Each structure stands twice: as C-alpha cells, then as structure tokens.
Amino acid sequence: MTRGTDSAPSDPAADAAAVFEMLSGGVVVQTLHAVAALHIADHLADGAVTAEEVAEREGSDPRTTYRLMRAAAALGVLSHEGDHRFGLTGRGQVLRADAPGSLRSFILVQAGHAHWQSLAHFPEAVRQGGTQTKKALGADIFDYFALPENAEEAALFAQSMGDLSGLVTKGAAAAVDTAGVSTVVDVGGANGDFVLALMEANPQLLGQVLDLPHVVNGARQEAEKRGLSDRFSAVGGDFFTEVPAADLYLLKTILHDWDDTQCTAILSNCRSAVNEGGRALVVEMVIGEIGKPDFVTRADMAMLSITNGMERDLYEYDALFTDSGWRLAKTYPVGGGYYGLELVAV
Ligand SMILES: C[S@@+](CC[C@H](N)C(=O)[O-])C[C@H]1O[C@@H](n2cnc3c(N)ncnc32)[C@H](O)[C@@H]1O
C-alpha cells in the first residue's frame, strides 16, 4: 500500500485534492498582489465599502474589482457584508500600506515583476544548479535593482525588507548583548531598520549601514526620521570588497542571498575588519527537521529561483563560520521564525 505524508492509508481523492490546493498557490499569491496593488485594504480602512465604490476610487473595472474582492473574501482577507459590500478582516489589515507590520510592500515585491519572472524559470534553476535570473531579467537580482530604470522596484524592495524586519528587529534588538559595544555596522542593512532599532534600545551605540550606493540614501532618510542622524552614518560600498571596522556586525538575511564561497568572502571581510574582542550577529531562518511542514524550505526554493543563495541548516551555517574565522557562540529565536546566531572572532 502506498502512503501519503503520514502513516495513514492513502486516499487518492484526498491526495488529488491536496495537490489541487497546492497548485492554486500561484493564483492565491497573485490575488493578494492585486489586492495590494489596487490598495483594496486602504480603501476599506475606515469601514465596509462596496466593490463598485472601491472601483470608482481606484479607477478600476467594477466587475473585475468585485470578482477580486469576492476571491479575497474566500481567502479570509476581506469579509462580505452583503450587497457587494466588503470589510477588512485581521488578515486584510496586514495589507494596509500604513498598518504597523504591513506586508503590502513585501507582497508587491514577492509577486511583482522581478521575482515572478525569475520563478517562471524555476525548473531550469534546479536543473542548472542556480538561479536563472540573468535569463529572466538580463541581470542578477541586485545588479537589476541597481539599474536606474528599476529604481522604483529597488526602493520598494528596500522598503519591503524594512517592513519585514519589523517582525524580528525588536526581538533581535532586545536579545543581542551590547556590553562593550560602541560601533555597530549593519552589513547590507538596506533602510537600516535593524541597526536603528538597536540604537533606539542602546543610546550609547554609534550605528552604520553598509549597502550598495543606490540604497544608502534610504537609510539616511530613515535615521533622520527617527531623530538618530547624529549617531548614524551610511556607506555606499560592496561587502565583497571590504567592510568598515566595528565592534559588532549585523548580518540580517544577507547570507541566504549567496552561495557558500560568497558567504565566506563576506564573513571573512567582517572578520578582518572587526575590532579586538568584537562579534557578529547573523539573523536568518534555519532549516530544521526534514519532512516537517515549514516555511523555510519554501523560502529556500525562492532563494534558488531569485538569488544565488540558499536557506541553510545549523551545520551548514557552522561550517561557513568556521571557514571564515568565526565561532558560533550562541543561538536564540528572535521571533517570526528567525534565529540570532551570535559569532565571536577566533
Ligand atoms: C535581503 S536584503 C536584506 C536587507 C536587510 N539586512 C534586512 O534584513 O532587511 C539584502 C541586502 O544586501 C544588499 N547588498 C547586495 N549586494 C551587496 C553588496 N555587494 N554590498 C553591500 N550590500 C549588498 C542589498 O542591497 C540588500 O539591501
């Protein structure tokens, strides 16, 4: 007898239904994409509204807007109040642009042009052993974002990273031990959300973001907005070339973008530049037991599709750290499925 995912006897009809359900994943993502792109959650922020009113405000087709909102209600993102009127559920709140913890920009990026075009080449990425982004977009993902014609997409990407960071930066900033630390560099820090959260929690810290030149202005603006400019600076550079000296490096969702050789290069550059007695904090999801339902192996497929990187298990991370002159000293959950991996220089 064949088996399903557990030891129960297989039920062909249930198995087919489960596969059908998985196959609708792409449409679910694009439904959320349309909800985000048409600002549906923002139009409903003050209360239930008819699909026709939303269409009028948004300048969209009333019939297809209604169909979208009906599908979103079936996903539990909207509530149907009768007569084509829809309201926001808790899930829908997450799609508002201005909601704390908003995932709107993340959805626009994950379901948007660059990511979706890359995913279309996914089987080939597996066959060839790496991302087909060059074929899909004409350039690797970070080179693509650096092109002036893609500035809007790049800004949205940086914003989405910041919004996503909100899920973990508080926990990570509370967990990290800043004793003896005065300078912190957020390596590939995008808008600087992580280092700025750490600076807010530790008024003695001087913080810096190192990121690509087209990204760092966003970090300066964010520091200004939070009133932290006097303790903050941003450097446009390349972490494969060098990183500024620091007592503590933050590498949040950086290593998962790169292959092992590239990760070792980034970590070795941090190791060479770190001040005496300094540390590094890597924040990543970590692959656990194989075969258990999880989010991180899906993220691994996304990394394979879009970047040159991968999600890793703890042994794989440990090997990278050892190869680049660091020792894994502590591991702790920081929320949102992420872990803090604290490294000391050896
Ligand atoms: C996945 S994002 C993570 C951003 C941020 N650490 C966070 O968790 O929100 C990767 C970041 O690495 C930056 N990056 C990519 N290549 C880089 C390079 N060669 N040197 C410096 N930064 C780079 C990107 O611009 C982007 O901001």
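Residues numbered from 1 in each chain as written. Predicted model: local features only at pLDDT ≥ 70, side-chain atom pairs only at ≥ 80, totals over all residues.

1. Let's talk about the overall build of the chain
Helix and strand content of the chain: 18 helices and 12 strands. Taken against the 2.2 N^0.38 rule, which gives 20 Å for 346 residues, the C-alpha radius of gyration of the chain at 22 Å falls within 12% of a compact globule. Projected onto the principal axes, the alpha-carbon positions of the chain cover approximately 65 × 60 × 40 Å. Across the chain, contacts joining residues at least 24 apart in sequence account for 63% of those joining residues at least 6 apart. (Helix = DSSP H or I, 4+ residues; strand = E, 2+ residues; numbered from the N terminus. Rg over C-alpha atoms; globule rule 2.2 N^0.38 Å. Contact = placed C-beta atoms within 7 Å.)

2. With respect to helix α1 (residues 12–23)
Counted at 1.5 Å a residue, the expected span for α1 with its 12 residues is 16 Å, and the 16 Å between its end C-alpha atoms agrees. Counting buried residues in α1 gives 0 out of 12 residues, a small share hidden from the surface. (Expected span 1.5 Å × (residues − 1). Buried ≥ 20, exposed ≤ 12 C-beta atoms within 10 Å, placed from the backbone.)

3. Focus: the sheet that holds strand β2 (residues 78–82)
Taken together, the 3 strands give an open sheet; going across it, the order is β1-β3-β2, and neighbouring strands pair in antiparallel fashion. Edge positions in the sheet fall to β1 (49–50) and β2, since each of these pairs with one other strand and no more. Packing against the sheet, helix α5 (residues 62–74) makes contact with β2 and β3 (85–88), and its axis sits at approximately 115 degrees to β2. (Pairing = 2+ DSSP bridges. Axes fitted to C-alpha atoms, helices over the stretch in contact; angles between N-to-C directions.)

4. Structural notes on the site of the ligand
The environment of the ligand is made up of 19 residues, and the closest members are M161, G188, A190, F239 and K252. Breaking the shell around the ligand down by element, the ones donating at least two residues are α12 (151–165) and β5 (206–211). The biggest single contributor to the shell around the ligand is α12, with 4 residues. (Near = placed C-beta within 6 Å.)

5. Some remarks on the packing of helix α16 (residues 260–273) against helix α18 (residues 314–323)
Each pair of packed helices can be summarised by the angle the axes make with each other and by the distance between the axes. For the pair α16 and α18, interaxial distance at closest approach is 9 Å and the crossing angle is 50 degrees. Viewed along their axes, α16 and α18 adopt a mutual orientation that is oblique. Viewed along their axes, α16 and α18 form a crossing whose handedness is right-handed. Only L320, F321 and D323 of α18 make contact with α16, whose side of the interface consists of D260, C263, T264 and L267. Across the contact of α16 with α18, the residue classes break down as 4 nonpolar, 1 polar and 2 charged. (Parallel < 35°, antiparallel > 145°, perpendicular 65-115°, else oblique. Left-handed = near helix turned anticlockwise from the far one by under 90°. Nonpolar A, V, L, I, M, F, W, Y, C, P; charged D, E, K, R; others polar.)

6. A short note on the nonpolar core
Grouped together as the largest cluster of nonpolar side chains are 90 residues, with contacts concentrated most on V35, V184, V187, L198, Y249 and L250. In terms of residue count, the dominant contributor to this core is helix α14 (residues 193–201) (6 residues). Inspection of this core shows a minimum of three residues originating in each of domain 1 (12–93) and domain 2 (165–286 + 308–345). (Core = buried A, V, L, I, M, F, W, Y, C linked by C-beta atoms within 7 Å. Domains from an automatic or database assignment.)

7. A look at the sheet that holds strand β7 (residues 246–252)
The strand order β6-β5-β4-β7-β8-β12-β11 describes an open sheet built from 7 strands, whose pairing is mixed. The sheet terminates laterally at β6 (232–236) and β11 (326–335), the two strands that pair on one side only. On average, adjacent strands in this sheet sit at an angle of 20 degrees to one another, irrespective of strand direction. Two elements, strand β4 (residues 183–187) and β7, share 3 bridges in a ladder whose sense is parallel. Across the sheet, the residue bridging to V185 is Y249, located in β7. Sitting on the sheet, α14 is in contact with β4, β5, β6 and β7, with an inclination near 180 degrees to β5. In the packing of α16 onto the sheet, contacts are made with β4, β7, β8 (274–284), β11 and β12 (338–345), and the angle to β8 comes to roughly 150 degrees.

8. Brief notes about the pairing of β3
Only one face of β3 is buried, namely the one carrying F86 and L88, since none of R85 and G87 on the opposite face is buried. Two strands pair when backbone bridges link them, and β1 and β3 are joined in this way by 2 bridges, in the antiparallel orientation. Pairing of T50 across the sheet is with R85, part of β3. The pairing of β2 with β3 spans 4 bridges and is classified as antiparallel.

9. Topic: the domain arrangement of the chain
As far as domains go, the chain holds domain 1 (12–93) and domain 2 (165–286 + 308–345). Distance from the C-alpha centre of domain 1 to the C-alpha centre of domain 2: 37 Å.

10. A short note on the packing of helix α4 (residues 51–58) against α5
Put simply, α4 and α5 touch, their axes get as near as 8 Å, and they point 120 degrees apart. Relative to α5, the element α4 is oriented oblique. Classified by chirality, the crossing of α5 by α4 is right-handed. Across the interface between the two elements, A51, E52, V54 and A55 of α4 pack against P62, T65, Y66 and M69 of α5.

11. Observations concerning the environment of D300
The residue D300 is located in helix α17 (residues 296–306) in this model. D300 has contacts with I287, M310 and E311, leaving out every residue within four places of it along the chain.

12. With respect to the environment of G189
Tracing the chain through its elements places G189 in the loop between β4 and α14. When the 31 C-beta atoms within 10 Å are taken as the criterion, G189 is described as buried. Separated by 31 residues in the primary sequence, G189 and A158 place their C-alpha atoms 9.3 Å from one another. When near neighbours in sequence (up to four residues on either side) are disregarded, G189 contacts F194, V195, V209, L210, D211, A219 and L250.

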